[in-house]
Amino acid sequence: DAGITQSPRHKVTETGTPVTLRCHQTENHRYMYWYRQDPGHGLRLIHYSYGVKDTDKGEVSDGYSVSRSKTEDFLLTLESATSSQTSVYFCAISEFRGSGKNIQYFGAGTRLSVL
Amino acid sequence: TQLLEQSPQFLSIQEGENLTVYCNSSSVFSSLQWYRQEPGEGPVLLVTVVTGGEVKKLKRLTFQFGDARKDSSLHITAAQPGDTGLYLCAGPLIIQGAQKLVFGQGTRLTINP
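Report follows, based on the coordinates. Quick caveat: nothing in here was measured; it's all calculated off a predicted structure.

**Some details on unusual backbone geometry**
So, step 1. Of note, the amide linkage connecting Ser7 of chain A to Pro8 of chain A takes the cis form, showing an omega dihedral of -10 degrees.
So, step 2. Along the chain, the position of Pro8 of chain A falls in the loop between β1 (4–7) and β2 (10–13).
So, step 3. Looking along the chain, the bond that leaves Ser7 of chain B and enters Pro8 of chain B is cis, with omega of -10 degrees.

Below is the structure:
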């Protein structure tokens, strides 16, 4: 257990409203990631962070922003939610165990429905 | 375009049967990982394979890394209902100095009693 907590676990919102998802870790990991999971697509990277205030885009970043003001917290914001952002969102941290081994530990996920 | 292609995407078999899931790429990876995900939870790491040709066993699960380090397979012997879940392969990438993990689409496995 890498001490990753996601909140909320479930959320229903309306199109056009802003939504913020929170990821909290307790073990001081440098790298944190936000993914979305949709049928047939596996896990797709939205944004990631490699340190406080250091973030970058993943492959599906349009419509999302992130912030990391403290090591332990990584926030994902949907600026104006759309129905295409209905998905399950996972936060992850990385543990590096030698050359080529980027092991990720995941939170339990947030199920978001945009109506 | 998926960097890692898993097949099959869905597999439903009877308890006691054997099965193999494949993870293929045209790219070379320094290692490949297999995760398992149960409903309502995040993926959990099962194994990492690092050396080309490596075989790792986890009870009834056998993982193999291809000689060229472009593919991997997961073989389950005498499948049980408890093996039901989503199996994901993943490979590490370093892009512009940043550490990332790329995932296959997943194989949804159902073992029927």
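We are not done yet, so read on.
**Remarks on the packing of aromatic side chains**
So, step 1. On inspection of all chains with the given rule, the structure shows 13 aromatic pairs over all chains.
So, step 2. Between Tyr33 of chain A and Tyr35 of chain A, the aromatic rings sit 6.1 Å apart at their centres with planes inclined by 25 degrees, giving stacked as the arrangement. One exposure class covers both Tyr33 of chain A and Tyr35 of chain A, and it is buried.
So, step 3. Ring plane angle 55 degrees and centroid distance 5.8 Å describe the contact between Tyr35 of chain B and Phe103 of chain B, whose orientation is recorded as tilted. A residue pair is termed long-range when its members are at least 10 positions apart, and Tyr35 of chain B in strand β4 (residues 32–37) and Phe103 of chain B in strand β10 (residues 98–103) qualify at 68 residues. Phe103 of chain B shares its class with Tyr35 of chain B; the two are buried.

**Here's the deal with the environment of Thr5 of chain A**
Residues and elements named next belong to chain A.
So, step 1. Position of Thr5 relative to the elements: it lies in strand β1.
So, step 2. Take Thr5: its relative accessible area is 45%, and that puts it in the partly exposed class.
So, step 3. Taking the C-alpha atoms as reference, Thr5 lies 23 Å from Lys101; in sequence the two are 96 residues apart.
So, step 4. Beyond its immediate stretch of four places on either side in the chain, Thr5 contacts Arg22, Cys23 and His24.

Conventions we followed
- Residues numbered from 1 in each chain as written.
- Chains lettered and ligands numbered in written order.
- Predicted model: local features only at pLDDT ≥ 70, side-chain atom pairs only at ≥ 80, totals over all residues.
- Heavy atoms only, no water.
- Helix = DSSP H or I, 4+ residues; strand = E, 2+ residues; numbered from the N terminus.
- Phe/Tyr/Trp six-rings, centres within 6.5 Å; stacked < 30°, edge-to-face > 60°.
- Buried < 20%, exposed > 50% of the residue type's maximum accessible area, 1.4 Å probe, protein only.
- Contact = heavy atoms within 4.5 Å.

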